[in-house]
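Results of the structural survey
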Amino acid sequence: MHDYTDHIDSLADEIIAYSRWRMEADRMPLGKALTEDELRSQVGSTVTPSGIGGGEALRLFSEVLAPACLSIDHTKYLSFVPAAPTEAAALFDVVVGASSIYGGSWMEGSGAIFAENEALQWLADLAGLKADAGGVFVPGGTIGNLSAMVGARGAAEARLKAKGRDRPNRWCFLISDTAHSSVPSAAAVMDAEVIKIATGPDRRLNGPAVAAALDELGDRVAGVIATAGTTNLGVIDDLRSVGEACNERDVFFHVDAAYGGAALCVAEQRPLFDGIELADSIIIDPHKWLFAPFDCCALLWADPDQGRAVHAQHAGYLAFLDSQGDWNPSDFAIHLTRRVRGLPFWFSLATYGTDAYGEAVATTVELARVAGEKIRAADHVRLVWEPSLSIVVFERIGWTADQYQACTEAMMSEEIAFVVPSRHDGEPVFRFCFINPRTTVDEIEEILASMA
Ligand SMILES: *Cc1c(COP(=O)(O)O)cnc(C)c1O
């Protein structure tokens, strides 16, 4: 080990050759899960005292293990929120892996952190945050939301302290009934309560409802969380009125734009996000709709000191780093050691330019619109919601939940598509979420036809 031998050199060629092969879209199988027993019998034991060798491990990976993983970037993987990393982003992940860069402190990773910050700045500018906004890339929206909510609680505590008032016995967060599951989960980690505001027929959290709840709950509220692109329907809350209700009362306003935030780079979609600039913190997952490999979530603080106040770790062994007064990414979320996971995203932005991002995201919004039209034109399916962002939700007329399930299983076992049922108002529905701009209208028609 730890020796760059000829053998390792040829392994490097094999690994690059495999990676090249995998990045060519038309050779990408959808993949299918196997059981543990099936995998055990095909793979055998891989972790042994003398090792099985890199060539053999790579063979097992490429022939058995990888095909047992779904290709989330497949053109017909349309469930949950897919991914579709660009070639440049995926390639640069190899460089990040080879480079041993510590991304926690400026002193150790300044060059990489500078580049990550360029990418964060692009997002902050799209959102319209003030010039001194900044943040960090964290593993995902779940950690991003939790880190932001801890910041919100810190800000609320500081506000009460300044006014000489006591902190509540139990903090609460105001969220909507459409908030992502990670938000209540984060609140549970914090032993905080979530108070859900029921949304109306438009499914949007709005300012008057938030204002009324804030006035009733008073000092108990640690923060308000709005969603810009709900996971099931792609709905964007009324960010302006919610943001104003928060700002007027000096209450922390967090926007969960994990999925939807990507659409900020499409000029025609930007008005939907009006008011996002009022946020105290925002998360956007480049590993969803901004074509970065897993895992990559941008957490932005309007006032980075609010992040630092709750997340900077202090210890004798860190004092030297702190003494430099630098921009240390570890200060802005729940972590210390970190991979510079924003670099593949930065490299891709630098390679293709931001216009290409706007075009790719717009292409998927258009796919959703066209899918909506195909559904409207067909007899066996019915739209239950106007396509929003890149999400289309529809019912298969007359089917029971079991029939939805069976259809999904058939599509999976034949590796036709990955489209799982979701629920809307308690009823089973199908849902497409378009992330891959290579998905074609023919493929959409093929999937709809298989539901006939
Ligand atoms: C996906 C998603 C999350 C969670 O993000 P992860 O990266 O999966 O942890 C949070 N909020 C919304 C709105 C999402 O779509």
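Quick look at the structure, then.

1. A look at the overall build of the chain
For the chain, the count of helices and strands is 16 helices and eleven strands. In terms of overall dimensions, the chain is globule-like: its C-alpha atoms have a radius of gyration of 23 Å, near the 22 Å expected for 452 residues. C-alpha extents for the chain along the principal axes are approximately 65 × 65 × 40 Å. For the chain, the proportion of contacts with a sequence separation of at least 24, taken over those separated by at least 6, is 71%. When the accessible surface of the chain is totalled, it reaches about 20400 Å², and 54% of it is carbon and sulfur.

2. Comments concerning the sheet that holds strand β3 (residues 193–197)
Here seven strands make up an open sheet; going across it, the order is β1-β7-β6-β5-β4-β2-β3 and the pairing mixed. Of all strands in the sheet, those with a lone pairing partner are β1 (134–138) and β3, marking the two edges. Geometrically, the sheet is characterised by an average inter-axis angle of 20 degrees between neighbouring strands, direction not taken into account. When strand β4 (residues 221–227) meets strand β5 (residues 253–256), the two strands line up parallel, connected through four bridges. Residue pairing for β5: Thr-227 is matched across the bridge by Asp-256. Most of the contacts of helix α6 (residues 141–162) go to strand β7 (residues 297–301), to which it runs at about 15 degrees, and overall it touches β1, β2 (172–176), β4, β5, β6 (281–284) and β7. Running over the sheet, helix α9 (residues 239–248) touches β4 and β5 and is turned about 155 degrees from β5.

3. Concerning the pattern of salt bridges
Considering all chains together, one arrives at 27 salt bridges under this definition. For the salt bridge of Asp-331 with Arg-308, the shortest nitrogen-to-oxygen distance reads 3.8 Å. Separated by 23 residues along the polypeptide, Asp-331 in the loop between α12 (319–323) and α13 (343–352) and Arg-308 in helix α11 (residues 304–311) bring together distant segments of the chain. Taking relative accessible area as the criterion, Arg-308 reaches 28% and is therefore assigned partly exposed. Through salt bridges that share partners, Arg-240, Glu-244, Arg-270, Asp-274 and Glu-277 make up one connected network.

4. What about unusual backbone geometry?
The linkage connecting Phe-294 with the following residue, Asp-295, adopts the cis geometry, with an omega of -10 degrees. Within the secondary structure, Asp-295 sits in the loop between α10 (286–289) and β7. The backbone of Arg-203 shows a phi angle near 60 degrees, a positive value even though the residue is not glycine. Along the chain, Arg-203 turns up in the loop between β3 and α8 (207–217).

5. Things to note about the site of the ligand
Lining the immediate surroundings of the ligand are 14 residues, of which Gly-141, Thr-142, Asp-256, Asp-285 and Lys-288 lie closest. Contact between the ligand and Thr-231: an oxygen atom at 3.1 Å from a side-chain N or O atom of the residue. When the ligand is considered free in solution it has 380 Å² of accessible area, and contact with the protein chains removes 86% of it. When contributions to the shell around the ligand are tallied by element, the ones reaching two or more residues are α6 and α10. For the shell around the ligand, the element with the most residues is α6, which contributes three residues.

Rules behind the numbers
- Residues numbered from 1 in each chain as written.
- Predicted model: local features only at pLDDT ≥ 70, side-chain atom pairs only at ≥ 80, totals over all residues.
- Heavy atoms only, no water.
- Helix = DSSP H or I, 4+ residues; strand = E, 2+ residues; numbered from the N terminus.
- Rg over C-alpha atoms; globule rule 2.2 N^0.38 Å.
- Contact = heavy atoms within 4.5 Å.
- Areas by Shrake-Rupley, 256 points an atom, 1.4 Å probe, with all protein chains shown as cover.
- Pairing = 2+ DSSP bridges.
- Axes fitted to C-alpha atoms, helices over the stretch in contact; angles between N-to-C directions.
- Salt bridge = Lys/Arg side-chain N within 4 Å of Asp/Glu carboxyl O.
- Buried < 20%, exposed > 50% of the residue type's maximum accessible area, 1.4 Å probe, protein only.
- Near = heavy atom within 4 Å.
- Polar contact = N/O pair within 3.5 Å; in protein donor to acceptor, adjacent residues only side chain to side chain.

Note that every value here comes from positions in space, so none of it alone points to a role or purpose.
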